[in-house]
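Residues per chain, in single letters:
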Amino acid sequence: MPAPRRPGDYTHCAPLFEERTKLGLEDFRTSALRDRLITEHLSLAEHIAQRFSGRGEPFEDLLQVARTGLIRAVDRFDPGKGSDFLSFAVPTIMGEVRRHFRDTAWSMRVPRGLKDLQQKLAEARNTLAHDLGRSPTAGELAIHLDLDVDTVRDGLLAAEAYRTTSLDTPAHGDGDARTIADRIADDGSEFTKTDDRLVLNGALATLPPREREIVKMRFVDELTQSQIGEKIGVSQMQVSRLLGKALERLRNHIVAD
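First things first, this report covers the structure right here in the doc. (Residues numbered from 1 in each chain as written. Predicted model: local features only at pLDDT ≥ 70, side-chain atom pairs only at ≥ 80, totals over all residues. Heavy atoms only, no water.)

1. Quick look at unusual backbone geometry
- Although it is not a glycine, Asp-146 sits at a positive phi angle of roughly 55°.
- By relative accessible area, Asp-146 is classed as exposed at 71%.
- The phi dihedral of Glu-222 falls on the positive side, at around 60°, and the residue is not glycine.
- In this structure, Glu-222 sits in the loop between helix H11 (209-219) and helix H12 (225-232).
- Under the relative-accessibility criterion, Glu-222 is labelled exposed at 63%. (Buried < 20%, exposed > 50% of the residue type's maximum accessible area, 1.4 Å probe, protein only. Helix = DSSP H or I, 4+ residues; strand = E, 2+ residues; numbered from the N terminus.)

So, in structure tokens, the structure goes:
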């Protein structure tokens, strides 16, 4: 009687891959072997999905994505190239899960470049927090990644778009059923709006003409950063930096007043 296989031991599948390569695509056994290989490795997909759990995405969604990566790995694996299946499948499945986080797990539309930057920042923050014993500053992150501080700040700001909170979420700690929306003050009176306009107009007047125009195009004309960049002849990333600086100046001016 053969000894029971250990969890995570897939050595018995190697002959199945070899057998499949010898069969033609029209052979009914090819499809049967494919199904068996996928089934035999489902625990691998589940293990990888568990590694990414606890990051804000439902486990069932991660498991589905990991299984999709497994199917692609089984379909693309060629044992004739010399590597074993696990060496090929693990990065394939993990790449599929990472793409899921990068492309679909954001509550707001964020440019691909900022999503990639945010992932690098997350890894750098973990590394530096371990080395420093505290959360790193934007400057320390910039030095670690060999980036300028403005780029790092853009990436940190992008992280705030990853998961938003509904206004219907219960407000914890109040001992009642109030939501976050219930705790937001109503500043909708016409007197308040007029006051706000006067303060904002005064702050806008302090901006350089270019930054003032960018703010207008973004929040009055409601153009995207890419559209603004096309109009003024700069990249979307440059628009993001100019807009960030303009908003920071507006905040500082309003707070000072």
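2. Things to note about the nonpolar core
- By size, the foremost hydrophobic cluster in this structure holds 27 residues, and its most contacted members are Phe-85 and Val-97.
- Going through the elements one at a time, helix H1 (14-21), helix H2 (28-40), helix H3 (42-51), helix H4 (59-76) and helix H5 (85-104) are the ones with two or more residues in this core.
- Among the elements that line this core, the one with the most residues is H4, at seven residues.
- Apart from the residues within four sequence positions on either side, Phe-85 is in contact with Phe-17, His-41, Leu-70, Ala-73, Val-74 and Phe-77.
- The next biggest cluster of nonpolar side chains, apart from the first, holds 14 residues, and it includes Ala-203, Met-217, Val-239 and Leu-243. (Core = buried A, V, L, I, M, F, W, Y, C linked by side-chain atoms within 4.5 Å. Contact = heavy atoms within 4.5 Å.)

3. Topic: H3
- Regarding H3, the residues found buried are Leu-44, Ala-45, Ile-48 and Ala-49. Each buried residue of H3 lies within a common arc of 135° when the element is viewed along its axis, so the set occupies one face. (Arc of directions from axis to C-beta.)

4. So, the pattern of salt bridges
- Summed over the entire model, instances satisfying the criterion amount to 10 salt bridges.
- Between Asp-148 and Arg-241 there is a salt bridge, with the nearest N and O atoms lying 3.6 Å from each other. One end of the pair, Asp-148, is in the loop between helix H7 (138-145) and helix H8 (149-159); the other, Arg-241, is in helix H13 (residues 236-256), and 93 residues separate them in sequence.
- Among the residues examined, Asp-148 registers a relative accessible area of 37% and is labelled partly exposed.
- Judged by its relative accessible area of 27%, Arg-241 is partly exposed.
- Between Asp-221 and Lys-216 there is a salt bridge, with the nearest N and O atoms lying 3.2 Å from each other.
- A residue is classified by how much of its surface remains accessible, and Asp-221, at 36% relative accessible area, is partly exposed.
- Residue Lys-216 is classed as partly exposed on the basis of its relative accessible area of 37%.
- Among the charged side chains, a network of salt bridges with common partners joins Arg-34, Asp-35 and Asp-75. (Salt bridge = Lys/Arg side-chain N within 4 Å of Asp/Glu carboxyl O.)

5. Re the packing of H3 against H4
- Where H3 meets H4, the axes come as close as 8 Å, and the angle between the chain directions of the two elements is 135°. Between H3 and H4, the interaxial angle falls into the category oblique. The hand of the H3/H4 crossing is right-handed. Where H3 abuts H4, its residues Leu-42, Ala-45, Glu-46, Ala-49 and Gln-50 lie against Phe-59, Leu-62, Leu-63, Ala-66, Arg-67 and Leu-70.
- Among the residues making up the contact of H3 with H4, the classes are represented as eight nonpolar, one polar and two charged. (Axes fitted to C-alpha atoms, helices over the stretch in contact; angles between N-to-C directions. Parallel < 35°, antiparallel > 145°, perpendicular 65-115°, else oblique. Left-handed = near helix turned anticlockwise from the far one by under 90°. Nonpolar A, V, L, I, M, F, W, Y, C, P; charged D, E, K, R; others polar.)

6. Focus: the packing of aromatic side chains
- In total, this model carries four aromatic pairs according to the counting rule given.
- With a centroid separation of 4.9 Å and an interplanar angle of 75°, the aromatic rings of Phe-17 and Phe-77 are classed as edge-to-face. Here the residue Phe-17 occupies a position in helix H1, and Phe-77 occupies one in the loop between H4 and H5, the gap between them amounting to 60 residues.
- According to the relative accessible area criterion, Phe-17 is buried, its value standing at 2%.
- Phe-77 gets classed as buried once you look at its relative accessible area, which sits at 7%.
- Judged by centre distance (5.3 Å) and plane angle (75°), the ring pair of Phe-77 and Phe-85 falls under edge-to-face. The same class applies to Phe-77 as to Phe-85, namely buried.
- Taken together through their ring pairs, the aromatic side chains of Phe-17, Phe-77, Phe-85 and Phe-88 make up a single cluster.
- One cation-aromatic arrangement involves Arg-218 over Phe-219; the distance from NZ or CZ to the ring centre is 5.7 Å. (Phe/Tyr/Trp six-rings, centres within 6.5 Å; stacked < 30°, edge-to-face > 60°. Lys NZ or Arg CZ within 6 Å of the ring centre and 35° of its normal.)

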